Amino acid sequence: MTGLFSEKMAMHIIVRIQRYNPQTHKSAWFEDFEVAVEPADKLLDALMFVKRNLDGTLCFRKSCAHGICGSDGMTINDVERLACRTLIQDVIGDQAENDRPVVTVEPLRSLPVQRDLMVDYTRFFETYRLVKPFLIPVGKVERGETIQTPAERRKFDDPTKCILCASCYSSCPVVAQYDPDFIGPAAVLQAARFVFDCRDQGIAPRLDVLDHPHGVWPCASHFNCTRVCPRGIKVTRCINLVKRAIKEFREQQHQNI
Amino acid sequence: MSKTQVHEFDAVIVGAGGAGLYAALEASRAGGTNRTAVISKLLPIRSHTGTAQGGIGAALGNVENDKPQWHAFDTVKGGDYLVDQQAATILADDAVQAVYELENRGLPFSRTENGRIDQRRFGGHTRNFGEAPVRRACYAADRTGHMILQTLYQQCIKNEVSFFDEFHLVDVLIDGCKCAGVVALELATGVLNVFHSKAVMIATGGFGRMFRTTSNAYANTGDGPAVLARRGVPLEDMEFFQFHPTGIRGMGILITEAVRGEGGVLRNGKGERFMENYAPTLLDLAPRDMIARAMVTEIRSGRGVLGDPSKDDYLYLDATGLGSEVLARKLPDISDFCRTYLGLDPAEKPIPVQPTAHYAMGGIPTDLHGRVLADGHGGLYEGLYAAGESACVSVHGANRLGTNSLVDLIVFGRRAGRHMADFVKQAVLRELPADAADNTAESLDRLRGQRGDARAEQIRASMKAVMMDSVGIYRDGAGLAEAVRQLQGLRQATEQVKVRDTARQYNTDLLELLELQNLLDLALVTAASAEHRRETRGAHAREDFPHRDDDKYLKHTLAWLDGVSVRLGTKPVDLSIWEPKPREY
């Protein structure tokens, strides 16, 4: 936090936040808060300032504040982002009112809103659990470590970066418009984490979930997940690799018959 | 107050970070009959273990000769001889098997060319009792903690551990020296939940949020130790709080020591590698307390980048010598932080850094099985365990070595989980007091009904300033005495804070006030313990007592909180293996 409490407050912005409390209101509304910031402040800093100084009833999740824990996924100017990895300077400029830049903040999409920017992740973590997101070892290691070459390790490096923030799930047009039962990009990505790990039994124990009408197949490569991933994971590519692995597995099965 | 909900379990673990999850795995595995629950105030895998970057130390000897005995010695010396030496031996011995277990359970470690777990250098870890740095830190790029947390959570799913997400600890039910469960507030409903159980383990992590500049998550508010302190449980060695040398300037975001392990160096404003003057053998891989002090000395002497000690001056961490390939492969997250928050490429420009409050060496005193101690003479609480950063075994003494926090979680989380699993098999469920949640309900109602005009944010800012300015890297008696006085006043002022959110559901305003009270209780104990220790040892540097004083202070501090006063006692240090020596690197 360099700006909010220092003397040289560089600029004033409007943070326009979607508010909603299902206990007291029938529908959501927007509320504007004017906050003094420096361009290099994080949007999370501005939200914390609002909560702690302007309106204690504002609800959102946060924890590590530097893009690792995945708590503060939200929709910022219509794009899924982590508030703690979003600098003010990166989200102002598109819109202004009375010379004040406006940043619009809404909850993640495709998950029910609990209150303000908090969403219910139940369905998201259900899809995660569905793919058996744990090592199903090929064999038992007698003692010490399993040997795995750097090349074998690289094959599943990308999906190990996932922090389960649900940005991809929220951005997915398939989940939103075509198939709400699609398990979603994060679940397939987590499956990829194990499918391509040579220590794991791979596709076979996860086939019933992945090779399923709501498994990998609804994905139509819109690439939204890849665009919004705060960890820079090539999510769509991983999904396509899983699709190919399923096809190869089925062909192998077919040949064995 | 809404109706209270009651649950019954054999073992309840509070906290879903590395220590809590490892304990849950062990407790849920043994015999398969134990009913184990993990409660956490966060959603899954949001815990702070996930932010640990650089590595987990274990003397595997995969890339060069290494021995657990050397690891244990480094730990003892790194902790300025306030480490309990049998505990350090267990830490180093068990680390090897624990790392293999993590690997076997899927942890994607980075690998050597021949496919073994790769290892790299870290501060204070040496071969042959201090000769030269050794490659001991097993790592998964620079997201080792993330991978540990993911792997353990995955295994808990496999073992079908019951999770209660977003339940906030508010009380531990202790009668005399026996524990009967915990009380937690459910965020979604605002309802108090009583978890009646044979055993309870506290693994709530650290409390660095009491300082202005910190690497710690917002969630790190020490809920477990604070609740126990209010219940009369002593806290150990709270005066020792580690400042990590390399936080991003002004933000506190951590830049892992692995940057220096891979060859990065610290430079002052003149471009000099100043650690040559402070630690001629280990240089930039000296222990963190020494480097943090050296940085303050450089800045105070006008050798910071701004060259002006009256400003918020800083220094440089220079990783330009590593090359972009090594940075991309071994330190990708760090490179990403630099790009995101500083707009710079560490392969091209040095990183502006300042020390950042990082780790509590002290905490809830335990024995080698994680059982909570009631006094300095071996007295124990029955059915009450603690592990991880919230606990103090003590393996970190006056200063923790890099990577040893992850080792501590895994080794002692595992040991406590195993002991707890055996304990609950023979233990009976203690009768639940009829008024188990009444006290908590009353005090919450009092807080909710408070109409005073004190503002939580002002109190919070004052606490952080006091801790940073008077209980930070350098301290002195007068400043500490004043800090104690101020913290007492601030704690009392929290009783006058009006909770602005009146809703039952998702009342984060109320929870933040409870967290602030927890931080203030622990800040007070920290300052009082620091005032009492009139010597300089490890991370506790007294300007009015600049030398270590083994005659008077080679002993652990125990502190009991009573309202806003602190009573102090001591506990002997286990010196059964190595004789204390001056600490040079």
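Structure first, text after, so check above.
Engineer: An account of the overall build of chain B is needed here, citing residue identities and associated values.
Structural biologist: Counting its regular elements, chain B contains 15 helices and 22 strands. Oriented by its inertia axes, the alpha-carbon framework of chain B measures out at about 65 × 55 × 50 Å. Counting the 585 residues in chain B, one finds 68% classified as buried. Across chain B, contacts joining residues at least 24 apart in sequence account for 75% of those joining residues at least 6 apart.

Engineer: Hey, could you go over the environment of T508(B) for me, with residue numbers and the actual values?
Structural biologist: Turning to its location among the elements, T508(B) is positioned in helix α14 (residues 508–532). Taking C-alpha positions, T508(B) is 10.0 Å from G190(B), a pair spaced 318 residues apart along the chain. Setting aside chain neighbours within four positions, we find T508(B) in contact with K51(A), L58(A), C59(A), M118(A) and L187(B).

Engineer: Help me get a handle on the pattern of salt bridges, residues and values and all.
Structural biologist: All names here are of chain B. Scanning all chains against the criterion turns up 73 salt bridges over all chains. The shortest N-O distance in the salt bridge between E26 and R418 comes to 3.0 Å. One end of the pair, E26, is in helix α1 (residues 18–29); the other, R418, is in helix α10 (residues 404–426), with 392 residues separating them in the sequence. In this structure E26 comes out as buried when scored by relative accessible area, which is 3%. The class for R418 is partly exposed, based on a relative accessible area of 35%. Close ionic contact of E262 with K330 constitutes a salt bridge, the shortest N to O distance being 3.5 Å. Remark: K330 occurs in helix α8 (residues 323–330) and E262 occurs in the loop between α6 (258–261) and β12 (265–267); sequence separation between them is 68 residues. Each member of the pair, E262 as well as K330, is classed as buried. One network of salt bridges, with partners in common, ties together D80, E239, D289, R293, R533, E535, R537, R548, D550 and R583.

Engineer: Provide a residue-level description of the packing of helix α5 (residues 223–230) of chain B against α14(B), including the pertinent values.
Structural biologist: All names here are of chain B. The N-to-C vectors of α5 and α14 enclose an angle of 70°; their axes lie 9 Å apart at closest approach. It follows that α5 is roughly perpendicular to α14 by the angle criterion. The interaxial crossing formed by α5 with α14 has left-handed handedness. Of α14, the residues touching α5 (which contributes D223, P225, A226 and R230) are E515, Q517, N518, D521 and L522. In terms of residue class, the contact of α5 with α14 is built from 3 nonpolar, 2 polar and 4 charged.

Engineer: Which residues make up the packing of aromatic side chains, and what are the values?
Structural biologist: With the rule as written, the count across this model stands at 20 aromatic pairs over all chains. Taking the centre distance of 6.4 Å and the plane angle of 70° together, the rings of Y121(A) and F124(A) count as edge-to-face. Using a relative accessible area of 4% as the deciding quantity, one classes Y121(A) as buried. Aromatic side chains F9(B) and F164(B) sit 5.8 Å apart centroid to centroid with 85° between the ring planes, which places their arrangement in the edge-to-face category. Of this pair, F9(B) sits in strand β1 (residues 5–14) while F164(B) sits in strand β6 (residues 162–165), and the two are 155 residues apart along the sequence.

Engineer: Pulling in residues and values, what's your account of the sheet that holds strand β10 (residues 235–236) of chain B?
Structural biologist: Residues and elements named next belong to chain B. Taken in spatial order, the 3 strands make up an open sheet running β10-β21-β22, and their pairing is antiparallel. Two strands lie at the open edges of the sheet, namely β10 and β22 (565–572), each paired on one side alone. Note: β10 against strand β21 (residues 555–562), 2 bridges, orientation antiparallel. Counted as the bridge partner of L235 is A559 from β21.

Engineer: Summarise the sheet that holds strand β4 (residues 119–127) of chain B; cite the residues concerned and give the values.
Structural biologist: Hydrogen bonds along the backbone pair up the strands of a sheet, which may run parallel or antiparallel. Residue and element names in this part refer to chain B. The sheet built from 3 strands is open, its strands ordered β3-β5-β4 with antiparallel pairing. Two strands bound the open sheet, and with one partner strand each, they are β3 (56–57) and β4. In this structure, β4 lies alongside strand β5 (residues 132–138), joined through 5 bridges in antiparallel fashion. Paired with R120 across the two strands is A137, which belongs to β5. Its contacts with the sheet place helix α2 (residues 68–78) against β3, β4 and β5, and it is angled at close to 60° to β4.

Engineer: A description of the interface of chain A and chain B should follow, citing residues and the corresponding values.
Structural biologist: Each partner contributes residues to the interface: chain A has 63 residues there, and chain B has 60 residues. In this assembly, chain A packs against chain B so that about 5,400 Å² is buried in total across both faces, 50% of it on carbon and sulfur atoms. Ranking the residues of chain A by area buried against chain B places R52(A), H66(A) and E145(A) at the top, with a combined share of 14%. A salt bridge links R115(A) to D501(B); its shortest N-O distance comes to 2.8 Å. In this structure, the connection of chain A to chain B is made through 38 residue pairs in polar contact (both at pLDDT 80 or more). Elements with a minimum of two residues in the side of chain A that touches chain B: α1 (43–54), β7 (113–115), α3 (122–130), α4 (150–154), α5 (157–160) and α8 (185–195) of chain A. The dominant element in the side of chain A that touches chain B, judged by the number of residues it contributes, is α1(A), at 5 residues.

The rules we used
Residues numbered from 1 in each chain as written. Chains lettered and ligands numbered in written order. Predicted model: local features only at pLDDT ≥ 70, side-chain atom pairs only at ≥ 80, totals over all residues. Heavy atoms only, no water. Helix = DSSP H or I, 4+ residues; strand = E, 2+ residues; numbered from the N terminus. Buried < 20%, exposed > 50% of the residue type's maximum accessible area, 1.4 Å probe, protein only. Contact = heavy atoms within 4.5 Å. Salt bridge = Lys/Arg side-chain N within 4 Å of Asp/Glu carboxyl O. Axes fitted to C-alpha atoms, helices over the stretch in contact; angles between N-to-C directions. Parallel < 35°, antiparallel > 145°, perpendicular 65-115°, else oblique. Left-handed = near helix turned anticlockwise from the far one by under 90°. Nonpolar A, V, L, I, M, F, W, Y, C, P; charged D, E, K, R; others polar. Phe/Tyr/Trp six-rings, centres within 6.5 Å; stacked < 30°, edge-to-face > 60°. Pairing = 2+ DSSP bridges. Buried area = accessible area lost by both parts, 1.4 Å probe. Polar contact = N/O pair within 3.5 Å; in protein donor to acceptor, adjacent residues only side chain to side chain.

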